[in-house]
Amino acid sequence: MVINSRQELGDRHPRLRARRAFSLGVVGFLTAASVLALSGPASAASTLGGAAAAKGRYFGAAVAAGHLGESLYAATLDTEFNAVTPENEMKWDAVEGSRNSFTFGSADQIVGHAQGKGMKIRGHTLVWHSQLPGWVGGLSATELRSAMNNHITKVMQHYQGKIYAWDVVNEAFQDGNSGARRSSPFQDKLGDGFIEEAFRTARAADPNAKLCYNDYNTDGQNAKSNAVYNMVKDFKARGVPIDCVGFQSHFNGQSPVPGDYQQNLQRFADLGVDVQITELDIEGSGTAQADSYRRVTQACLAVSRCTGITVWGIPDKYSWRASGTPLLFDDNYGKKPAYNAVLTALGGSSDGGGDGDRTCTVSYAETQRWGDRFNGQVTVRAGSSAISGWTVTVTVRSAQSIATTWNGSPSWDSSGKVMTMRPNGNGNLGAGATASFGFTVMANGDWSAPTIGSCTAS
């Protein structure tokens, strides 16, 4: 079970989701799954992080420690992004499951990885009504105040000097038209002042970290965003330490990018705080999804105090809303149209270095044998850049013939012994990703493996 970070109001915030099993297979023959690490970082203009850095911003991803051992996951993270946010590993239940007993192992793994790559790190999150261990809700007001301040101090001091910005308080306001505070152990027992106290405690714990308030459904001007705006305005007027406001920006067809998105970011920036897009994902696909991502990116670039964008995950398959395919990379780490839209909006080049970098390799395996025939499988693997198509030749011996094929579009030479296979819906491959096609060979007494030609990428 993977605990994900969004858990509010129906399909907007489901928090618990079993990891979705992901498999590719073809009936009638075996498949082999393997991954290959991407090559090192490309030029600055051809990666999200590099292009954002050229604009004085970061482009980050939410990261799960449990996926860092997956080579394509880590390689995509390292190549494309220059900032990380731990998805769940810094939340209260993860680091202080028992009172004043702290466990930082998984969070340390993410921080160490990010530091090794020179990435910014956003800390998420210190005070939040969700993913709280049971003991917190059972405390008296006096004990809760002590526990909250102790938690903030111990966690921030553990990472002092390593965290660029902290989400000090998360999702403290209700949805709807009231603009009221959300019921939580902190609100119910400590009152409105708990947010100010949390920020003052955070400043004392790490004077150099940016201190942010983070929330969702505040992307346009509405009752909820107005309530947050008024709080920030009051904090700035009274000298309460707050440096930034995070906008989660979870969008879908029912909750699209609002028309006043840029204007809303700007009005917060005009209060004298940075604004950050902290948990971006946009359900959909194709041109519509790409256009929404482009608009969000352009809005951030248009606001000088919008310091960066974080997408809430890397491939769609690990998203908390995976069925909505909301991220920039598909399940095989292929770059989606939304990726190209973001990169272009950032001023980068979407071709990943040009056609000359597009390569592919092939491998062959016999997968099944009967008395008069055998099945073969060819696996095509993209090189260090994404490809949009591939071509492979298969040559059988003189006595042999190919009876059937699948997962490809074949053509034949005049002898009928040389088959040229092209994709059939499986040509777009991300860097290091694979696709397979298969065929049945009538042996006619010759059980030799066919000759597989080199792969040509496009």
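Residues numbered from 1 in each chain as written. Predicted model: local features only at pLDDT ≥ 70, side-chain atom pairs only at ≥ 80, totals over all residues. Heavy atoms only, no water.

S.K.: Quick question: what am I supposed to make of the overall build of the protein chain here?
M.R.: Helix and strand counts for the protein chain come out as 12 helices and 20 strands. Evaluated residue by residue, the protein chain yields a buried proportion of 54% over its 458 residues. At a minimum sequence separation of 6, the contacts of the protein chain that also span at least 24 residues come to 76%. In the structure as shown, the protein chain presents an accessible area of about 17600 Å², 48% of it carried by carbon and sulfur atoms. (Helix = DSSP H or I, 4+ residues; strand = E, 2+ residues; numbered from the N terminus. Buried < 20%, exposed > 50% of the residue type's maximum accessible area, 1.4 Å probe, protein only. Contact = heavy atoms within 4.5 Å. Areas by Shrake-Rupley, 256 points an atom, 1.4 Å probe, with all protein chains shown as cover.)

S.K.: In this structure, what is going on with the sheet that holds strand E12 (residues 360-369)? I would like to understand it.
M.R.: Paired through backbone hydrogen bonds, the strands of a sheet run either parallel or antiparallel to each other. Taking strand neighbours across the sheet as the criterion, the four strands line up as E12-E13-E18-E15 in an open arrangement whose pairing is antiparallel. Of all strands in the sheet, those with a lone pairing partner are E12 and strand E15 (401-406), marking the two edges. Geometrically, the sheet is characterised by an average inter-axis angle of 25° between neighbouring strands, direction not taken into account. Two strands pair when backbone bridges link them, and E12 and strand E13 (residues 373-382) are joined in this way by nine bridges, in the antiparallel orientation. Across the sheet, residue Ser-363 finds its bridge partner in E13, namely Thr-379. (Pairing = 2+ DSSP bridges. Axes fitted to C-alpha atoms, helices over the stretch in contact; angles between N-to-C directions.)

S.K.: Before we go on, may I ask you to explain helix H11 (residues 286-302) in this structure?
M.R.: An α-helical turn contains 3.6 residues, so any two residues separated by three or four positions project in the same direction. For H11, with 17 residues, the first-to-last C-alpha span of 24 Å sits near the 24 Å given by 1.5 Å per residue. Within the sequence span of H11, burial applies to Gln-289, Ala-290, Ser-292, Tyr-293, Val-296, Thr-297, Ala-299 and Cys-300. Structurally, H11 contributes buried residues whose contacts are with strand E9 (250-251), helix H10 (261-269), strand E10 (274-282), strand E11 (306-311) and helix H12 (337-345). (Expected span 1.5 Å × (residues − 1).)

S.K.: Please explain the packing of aromatic side chains as it appears in this structure.
M.R.: Any two aromatic rings considered together are summarised by their centre-to-centre distance and by the angle between their planes. The final tally for this structure, using the stated rule, is 19 aromatic pairs. Look at Phe-247 and Phe-268: their rings are 5.2 Å apart centre to centre, the planes differ by 80°, and that puts the pair in the edge-to-face class. Separated by 21 residues along the polypeptide, Phe-247 in strand E8 (residues 244-247) and Phe-268 in helix H10 bring together distant segments of the chain. Among the aromatic residues, ring-to-ring pairing joins Phe-59, Phe-81, Phe-329 and Tyr-339 into one connected group. Between the NZ or CZ atom of Lys-120 and the centre of the ring of Tyr-164, over which it lies, the distance is 4.2 Å. (Phe/Tyr/Trp six-rings, centres within 6.5 Å; stacked < 30°, edge-to-face > 60°. Lys NZ or Arg CZ within 6 Å of the ring centre and 35° of its normal.)

S.K.: What should I look at first to understand the pairing of strand E18 (residues 434-442) in this one?
M.R.: Each regular strand shows side chains that alternate between the opposite faces of the sheet. In terms of burial, E18 is largely enclosed, as eight of its nine residues are buried. Pairing of E13 with E18, which is carried by nine bridges, proceeds in the antiparallel orientation. The partner of Thr-379 across the bridge, within E18, is Ser-436. Sheet topology note: the E15/E18 ladder contains five bridges and is antiparallel. Residue Ser-401 lies in a different strand from E18, and its bridge partner there is Met-442.

S.K.: Help me understand helix H4 (residues 105-116) in this model?
M.R.: For H4, with 12 residues, the first-to-last C-alpha span of 16 Å sits near the 16 Å given by 1.5 Å per residue. Along H4, the residues classified as buried are Ala-107, Ile-110, Val-111 and Ala-114. Looking straight down H4, one finds that the buried residues subtend no more than 95° of arc, so they occupy a single side. Looking at the buried positions of H4, the neighbouring elements they touch are strand E3 (58-63), strand E4 (83-86) and strand E5 (120-128). With its phi angle positive at about 70°, Gly-118 sits one or two positions after the end of H4. (Arc of directions from axis to C-beta.)

S.K.: Just checking my understanding: could you explain the side chain of Thr-307 for this structure?
M.R.: Within the fold, Thr-307 resides in strand E11. The exposure class of Thr-307 is buried, given its relative accessible area of 16%. For Thr-307, the contacting residues outside a window of four places in its chain are Gly-56, Arg-57, Tyr-58, Tyr-164, Asp-274, Val-275 and Gln-276.

S.K.: What's the story with unusual backbone geometry in this structure? I'm lost.
M.R.: Following His-124, the chain continues to Thr-125 via a peptide bond in cis, the omega torsion being -5°. Within the fold, Thr-125 resides in strand E5. Backbone geometry at Ser-249 places phi at a positive 60°, although glycine is not the residue there. With respect to the element layout, Ser-249 can be found in the loop between E8 and E9. In this structure Ser-249 comes out as buried when scored by relative accessible area, which is 0%.

S.K.: Can you help me understand the environment of Val-394 in this one?
M.R.: Residue placement: Val-394 occurs in strand E14 (residues 390-395). The class for Val-394 is buried, based on a relative accessible area of 0%. Taking the C-alpha atoms as reference, Val-394 lies 9.4 Å from Ser-454; in sequence the two are 60 residues apart. Once residues lying within four places of it in the same chain are set aside, the contact partners of Val-394 are Ile-402, Lys-417, Val-418, Met-419, Phe-437, Phe-439, Pro-450, Thr-451 and Ile-452.

S.K.: Even after reading the chapter, I still don't get the packing of helix H8 (residues 193-205) against helix H9 (residues 223-238), so can you show me in this structure?
M.R.: Relative orientation and spacing of two packed helices are given, respectively, by the angle between their axes and the distance between those axes. Following both chains from N to C, one finds H8 and H9 inclined at 50°, their axes separated by 12 Å at the closest point. Judged by the inter-axis angle, H8 sits oblique to H9. As for the relative orientation of H8 and H9, their crossing is right-handed in sense. Judged by residue contacts, Ile-195, Glu-196, Phe-199 and Arg-200 of H8 engage Met-231, Phe-235 and Arg-238 from H9. Of the residues belonging to the contact of H8 with H9, the class tally is four nonpolar, no polar and three charged. (Parallel < 35°, antiparallel > 145°, perpendicular 65-115°, else oblique. Left-handed = near helix turned anticlockwise from the far one by under 90°. Nonpolar A, V, L, I, M, F, W, Y, C, P; charged D, E, K, R; others polar.)

S.K.: Which parts of the structure should I look at to understand the environment of Ala-431?
M.R.: Locating Ala-431 in the fold gives a position in the loop between strand E17 (418-422) and E18. Spatially, the C-alpha atoms of Ala-431 and Leu-72 are 8.7 Å apart, while their sequence positions differ by 359 residues.

S.K.: Explanation requested: the state of the cysteines in the structure shown.
M.R.: Note on terminology: disulfide describes a covalent bond linking the sulfur atoms of two cysteines. Summed over all chains, the structure comprises three disulfides. Shown here is the disulfide that connects Cys-360 with Cys-455, its sulfur atoms set 2.0 Å apart. Since a negative S-S torsion denotes a left-handed disulfide, the Cys-360-Cys-455 link at about -95° is left-handed. Placement of the pair is Cys-360 in strand E12 and Cys-455 in the loop between strand E19 (451-452) and strand E20 (456-457), with a sequence separation of 95 residues. Take Cys-360 and Cys-455: they sit in the same class, and that class is buried. When the cysteines of the protein chain that form disulfides are numbered from the N-terminus onward, they connect as 1-2, 3-4, 5-6. (Disulfide = S-S within 2.5 Å.)

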